[in-house]
Structure formats: C-alpha cells, structure tokens
Amino acid sequence: MKQRISSLIFTVAISVASVTAHAAPLHQFDEQDRQEVKAVFLKQAAAATAHDIAAFEQVFAPTPAGQPDPVTFVARAYQFWGKTALIEHFTETFKGVWRFEPDAERVKVIPLTPDTAEIYAPTQVTSGSSSETAKTAPFLVYEVAVRTPEGWRIAAIVPVPAQ
C-alpha cells in the first residue's frame, strides 16, 4: 500500500511538472504591452532631451533584491554597467547639449518573451559641451525592455551609429 501511494504521488508530481512546463505563461505579450514599451521608450527620450535626470532614472529597470543590476549601456566609446553608473554618466552629459530624438513613427517593438521586448528606433542624437560645438548624428538605437512590478522598464541600451 505504501508503495502504491508513493507511486501515485510520484505520478501526480510528474504530471503536474509536465503540465506546468507546457502551460501558457501568466502574461501574453499583446498590443497593450507593445504600446506600453513604446511609451516608456518615448518617455526616456523626452526625459533625456529635457535633461530631467529624475524622470530619466525612472524608466530604467530596478534591481531585484539579491540580484545583479540589470541596466547596461554599451556604446562604441564606453560601457556602463548598472543604473548608478548610467545615471552618473548622464548627469554629466546633461550639463551640455543633449537631445535624443527618435522617429516615433518608425519605432519597432518586438517581443522576445511575454516579459521581454526589443526596441529598434532610428534616432537623431545631438550632443556637445555647448550649442556652438554640438553635433547631430543618426543612430539606430537598440534597447531591451523588461516587465517589472512597476510596469515596463528599460534594461539595456545599445546605440549604433547609422553613418
């Protein structure tokens, strides 16, 4: 009898594990998610152009307790690992001229999983220490957004020069 109960428990456990492994995710990526991801990206652009460091910081993914900081910014000239390093960099950058102007009509949001999406955005970036020295250049900005308890947030930025 004990062996039968053990066999039954084992069979039920295997069945539940199998069903769970093939069950639909809790969230499906839908059109509302696509719009929310695009909105957080455009909020990032607006905050950057306005040099609003507080609003800019809010668009980035939080660090879950006991986990590494998920925020990265990797460009040809530099890399920043973690939200703190990224915010410190942009605090200095925002002291000069900085405009981040994506072509909102051409932003593409592509889901990778129900909780992760890629963003592709043709973007004009203007930067310089003053308006006299500022230069505008085209970029294809690639970003990764993740679903968090606070909503969609940006986890990675990779600006690719388009010239």
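Rules used throughout
- Residues numbered from 1 in each chain as written.
- Predicted model: local features only at pLDDT ≥ 70, side-chain atom pairs only at ≥ 80, totals over all residues.
- Heavy atoms only, no water.
- Pairing = 2+ DSSP bridges.
- Helix = DSSP H or I, 4+ residues; strand = E, 2+ residues; numbered from the N terminus.
- Salt bridge = Lys/Arg side-chain N within 4 Å of Asp/Glu carboxyl O.
- Buried < 20%, exposed > 50% of the residue type's maximum accessible area, 1.4 Å probe, protein only.
- Expected span 1.5 Å × (residues − 1).
- Contact = heavy atoms within 4.5 Å.
- Polar contact = N/O pair within 3.5 Å; in protein donor to acceptor, adjacent residues only side chain to side chain.
- Phe/Tyr/Trp six-rings, centres within 6.5 Å; stacked < 30°, edge-to-face > 60°.

Draft legend 1. Inspection of the pairing of strand β4 (residues 108-113) at higher detail. In the sheet, β4 pairs with strand β5 (residues 116-128) via 5 bridges, with the strands oriented antiparallel. Considered in β5, the bridge of Thr113 is made with Thr116. Hairpin remark: β4 followed by β5, antiparallel, with 2 residues in the connecting loop.

Draft legend 2. Region of the structure containing the pattern of salt bridges. What the rule picks out here adds up to 6 salt bridges. Between Arg34 and Glu31 there is a salt bridge, with its nearest N and O atoms 3.3 Å apart. Of this pair, Arg34 and Glu31 both sit in helix α2 (residues 31-49), 3 residues apart, which is roughly one turn of the helix. According to the relative accessible area criterion, Glu31 is partly exposed, its value standing at 46%. One salt bridge connects Asp103 with Arg106, and the closest N-O pair in it is separated by 3.9 Å. Residue classification places Asp103 among the partly exposed residues on the basis of a relative accessible area of 30%. One salt-bridge network, held together by shared partners, links Asp33, Asp115 and Arg147.

Draft legend 3. The arrangement of α2 in detail. In this model, α2 (19 residues) spans 27 Å end to end at C-alpha, consistent with the 27 Å of a helix rising 1.5 Å per residue. The inward-facing, buried residues of α2 abut α3 (53-58), β3 (97-102), β4, β5, β6 (135-148) and β7 (151-161). Two to three positions downstream of the cap, the backbone nitrogen of Gln32 sits 3.1 Å from a side-chain oxygen, assigning the N-cap of α2 to Asp30. Remark: His51 follows α2 within two positions and exhibits a positive phi of approximately 60 degrees.

Draft legend 4. A look at the packing of aromatic side chains. Applying the stated criterion across every chain, the model contains 12 aromatic pairs. Here Phe56 and Phe60 contribute two aromatic rings whose centre-to-centre distance is 5.1 Å and whose plane-to-plane angle is 75 degrees, an arrangement assigned as edge-to-face. Centroid distance Phe73 to Phe90: 5.6 Å. Interplanar angle 80 degrees. Geometry classified as edge-to-face. Of the two residues, Phe73 sits in strand β1 (residues 72-74) while Phe90 sits in helix α4 (residues 83-93), which places them 17 residues apart along the sequence. Across the pair, exposure class does not vary: Phe73 and Phe90 are buried alike. An aromatic cluster of at least three residues, connected via ring pairs, comprises Phe56, Phe60, Phe73, Tyr78, Phe80, Phe90, Phe94 and Trp98.

Draft legend 5. Focus on the side chain of His89. Mapped onto the elements of the fold, His89 is located in helix α4. Residue His89 is classed as buried on the basis of its relative accessible area of 17%. Contact partners of His89, with chain neighbours within four places excluded, come to Tyr78 and Phe80.

Draft legend 6. View of the environment of Ala85. Secondary-structure assignment places Ala85 in helix α4. According to the relative accessible area criterion, Ala85 is partly exposed, its value standing at 25%. Each C-alpha atom of the pair Ala85 and Phe73 lies 9.3 Å from the other, and the pair is 12 residues apart in sequence.

Draft legend 7. View of the side chain of Thr126. With respect to the helices and strands, Thr126 occurs in strand β5. Classification of Thr126 as buried rests on a relative accessible area of 3%. Within polar-contact distance, the side chain of Thr126 engages the side chain of Thr136 at 2.6 Å. In contact with Thr126, other than residues within four places in its own chain, are Val97, Trp98, Arg99, Glu101, Ala134, Lys135 and Thr136.

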